[in-house]
Structures are given as structure tokens and as C-alpha cells.
Amino acid sequence: QLGIKLVRRTDEPGVFVLDLLEGGLAAQDGRLCSNDRLLGINGHDLRHGTPELAAQIIQASGERVHLVICRPSKQLPPLPSASTVRETGCHASTHPHPHHPPPAPVATQHQSPATTQHHSRPGTHRDLSQCVTCQEKQISVKKEPHESLGMTVAGGRGSKSGELPIFVTSVQPHGCLSRDGRIKRGDVLLSINGLDLTSLSHSEAVATLKASAAGCSVLLRALEVQTIEEQAQAAEETPPAPPPHSDYDASWSPSWVMWLGLPSYLHSCHEIVLRRSNLGSWGFSIVGGYEESHANQPFFIKTIVLGTPAYYDGRLKCGDMIVAVNGLSTSGMSHSALVPMLKEQRNKVALTVVSWPGSLV
């Protein structure tokens, strides 16, 4: 796997990089960035494509993937030297691939010129469960009567992005939470004044937060979720500079890896039943499971194959986490045990999965 999480946006067509998985091939290569737009993959025009189509092209690409990207105005990172290219097994060029000409880049005022990248694909995967820490905190905040909390939130059950808990997208400057300093962007809100928020829709949660904030104090229970990289930055002696005003934006979203650190009671599972009329493939491959060298890892959908039951059903996505098969928990199960079990199912199989936003490639 390349270790890239792809998403679509509501305000712009195309496929965008949401996140790079730490330790993945793309992160090690260092040239792809969050918010990059994929214009083409292996000569396929993706200017109006979907993450699912991008995943299918990458899965069928064999050992080499040719990407054409477009990036917001900040400068592209430098291309590696020839020696670095040989060591990493990757190649980059600012010229089109001779056998796979990419689509012409879409020129806009705020985008840099397109660049092309090649990635070779390894067969190994990384233990993602050790990349995130999660700590619960309870905070009492005093405020002026009818003063707003001064934060924006996203998520909620049944939201367009999926079955997500309520999380903080921004803490507004000069508000009571900003003055207190303990609620941060990315925190998952569990309750306010004893009222549970974890099972509410977005509109229900917003109404509850507003109604509970009418008094002179509020009691918030939240989860602070951090990646290992964020923890390392926080541990440095020099505190980071405060984010610019543009960072206080309700469109902010956590990295895909952050969702993996949430406790299981916040996972919203749903069941997908696949059916087949013959004994062919179910149409998906998996990574993960218990291994001596990696301990217990979740199972993830790695690939979905065109023309198969999983493909035609349409609900299963690359990156979905499998938590049970036919009601049997996959926790602690080895990869070598789950694969034969899936193959042994004849006409139907029931997968209990947790989906987070985006497609993993």
C-alpha cells in the first residue's frame, strides 16, 4: 500500500489527499502532501474522478504508480537526488511519462503547476494502532451568562462524512474556552453538564451545547486524541506559534489515523452482507491481524476487485475496519485464520465494519 487516504470535497470536483499514513511509502518518499489534488493516475484522467475510482486504478497498477498532482500555491518540495531515488525505489519527473501521458493540469490562480510522481509499492504494512494516544479529561469552565462557548464542532451520527462522534474543529479567539485553554481543536466531546453527546446527530448536539451553555459555568467531558507526531511537537520546550486566523475554520478535519485511536464504544459499526451465486472471490483483500512481530492489529480492507460481489454491492470501502465476520469478533485473530474463514463462506458473508472518512490506498 502507498499509505494515502483519499477523499472527495463538497466545494470542488476531483480527488484529494486527506492524509498520509506515518511510515507508509508516500510519507517516506516525502513529496505528496495533505490537500494535494490528484489530476491523473497512470494516464487516467481524475479531474472529475472519485476516491473509489482512484483506489481501483492504484490497486490494478502492479509495482509502479504514476501520479499527476496539483497543489495549492505553496511551493512543491524538491525532487530527490538520483541516489535517493535508487535507495527508496521511487522516481519523480516533471515531464509526462512516455507511456502514460497525464491529463493537462487545470491552471487556476491559486494552484502551482502540476508535477508527476512515481511510487513503487511494497508488500508490507504498518501497525497503525500504536500511532495514536487517547486521554479523557473533564473540564469545568466559568463564563458570563449567555456567553457562547466559542467553538465550532463537526461530526454527529448520520452526518455526510459518516458515523462520527462530535469533535471540535476550532476554538475561537477571545472566547471562554480559548481563555481557559484546555479544550483544543480535535478533541472529541463526550458530554456537557452530564448530557451525553455520543449518540446525537450534529443538529441535536449543537442544540444541546447551546442550551447547556446558557448558565455561568459548564462541565465538559472530552477525549484528547493525539498522534505520536503531535505529542513529540507538544513536548518541545519552545511552544509552537499560535495558528493564523485561517486555521479557525469549521472545514478542518482530523487525520484518518486519529480516528483509529478512539475507544471502541465510539465506533459506529454497521453490517454489510455480501452474497454470491458461485464460489468465486468475494472481491476484497485484507491486511492486519495478530502477528508475533506486530502484536494485535485491526483488519482493514486493502483492495476491492472490479466485477465482484464486493464491487457490485458498493458499500465496502478500502480502509474499512472489519471488527466481526458472521458475528464472530476478529479481535486477536491472526491473518492466516481469517482469510480461510472468509473463503469457506459459501453464498453469503456478514461483515461488521467501522468506516472512517475517505478511501485508503
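Residues numbered from 1 in each chain as written. Predicted model: local features only at pLDDT ≥ 70, side-chain atom pairs only at ≥ 80, totals over all residues. Heavy atoms only, no water.

1. Re the pattern of salt bridges
- Scanning the model with the defined rule gives ten salt bridges in all.
- Measuring nitrogen to oxygen at the nearest pair gives 2.8 Å for the salt bridge that ties Asp313 to Arg315.
- A single network of salt bridges, built from pairs that share partners, joins Lys137, Lys184, Asp187 and Glu224. (Salt bridge = Lys/Arg side-chain N within 4 Å of Asp/Glu carboxyl O.)

2. Here's the deal with the environment of Asn326
- Within the secondary structure, Asn326 is located in the loop between strand 17 (321-325) and strand 18 (328-329).
- We classify Asn326 as partly exposed; its relative accessible area is 41%.
- Taking the C-alpha atoms as reference, Asn326 lies 9.3 Å from Glu271; in sequence the two are 55 residues apart.
- Apart from residues no more than four positions distant in its own chain, Asn326 is found in contact with Gln345, Val349 and Ala350. (Helix = DSSP H or I, 4+ residues; strand = E, 2+ residues; numbered from the N terminus. Buried < 20%, exposed > 50% of the residue type's maximum accessible area, 1.4 Å probe, protein only. Contact = heavy atoms within 4.5 Å.)

3. Quick look at the packing of aromatic side chains
- If you walk through the whole model with that rule in mind, you get three aromatic pairs.
- Between the aromatic rings of Tyr311 and Tyr312, the centroid separation amounts to 5.4 Å while the plane-to-plane angle is 70 degrees, which identifies the pairing as edge-to-face.
- Taking the relative accessible area as the measure of exposure, Tyr311 reaches 32% and is therefore partly exposed.
- Between the NZ or CZ atom of Arg276 and the centre of the ring of Trp282, over which it lies, the distance is 3.9 Å. (Phe/Tyr/Trp six-rings, centres within 6.5 Å; stacked < 30°, edge-to-face > 60°. Lys NZ or Arg CZ within 6 Å of the ring centre and 35° of its normal.)

4. Quick word on the confidence of the model for the protein
- With 73% of its residues at a pLDDT of 70 or more, the protein has an overall mean of 76.
- Model confidence for the protein, summarised as mean pLDDT per element, is weakest for helix 3 (residues 82-88) at 25 and strongest for strand 11 (residues 188-192) at 95.
- Confidence over residues 119-126 falls short of pLDDT 50; this stretch has 34 contacts with residues more than four positions distant or in other chains.
- This model gives residues 237-247 a pLDDT under 50, and the stretch forms three contacts once residues within four places in sequence are excluded. (pLDDT = per-residue confidence, 0-100.)

5. Section: helix 9 (residues 335-344)
- Inspection of helix 9 places Leu338, Met341 and Leu342 among the buried residues, and these make up the whole buried set. Seen end-on, helix 9 carries its buried residues on one side only, within an arc spanning 100 degrees. The outward face of helix 9, more than 90 degrees from its buried face, is lined by the exposed residues Ser336, Lys343 and Glu344.
- Buried residues along helix 9 sit in contact with strand 15 (284-287), strand 16 (299-304), strand 17, strand 18 and strand 19 (348-354). (Arc of directions from axis to C-beta.)

6. Points about helix 5 (residues 202-212)
- What helix 5 keeps buried is the set Ala205, Thr208, Leu209 and Ser212. One side of helix 5 holds all its buried residues, which, seen down the axis, span an arc of 100 degrees. Turned more than 90 degrees away from the buried face of helix 5, the exposed residues are Ser203, Lys210 and Ala211.

7. Considering unusual backbone geometry
- Of note in this structure, Asn42 is not a glycine but carries a positive phi near 50 degrees.
- Its place among the elements puts Asn42 in the loop between strand 3 (37-41) and strand 4 (44-45).
- Overall, the relative accessible area of 16% leaves Asn42 in the buried class.
- Unusually for a residue other than glycine, His174 sits at a positive phi of about 75 degrees.

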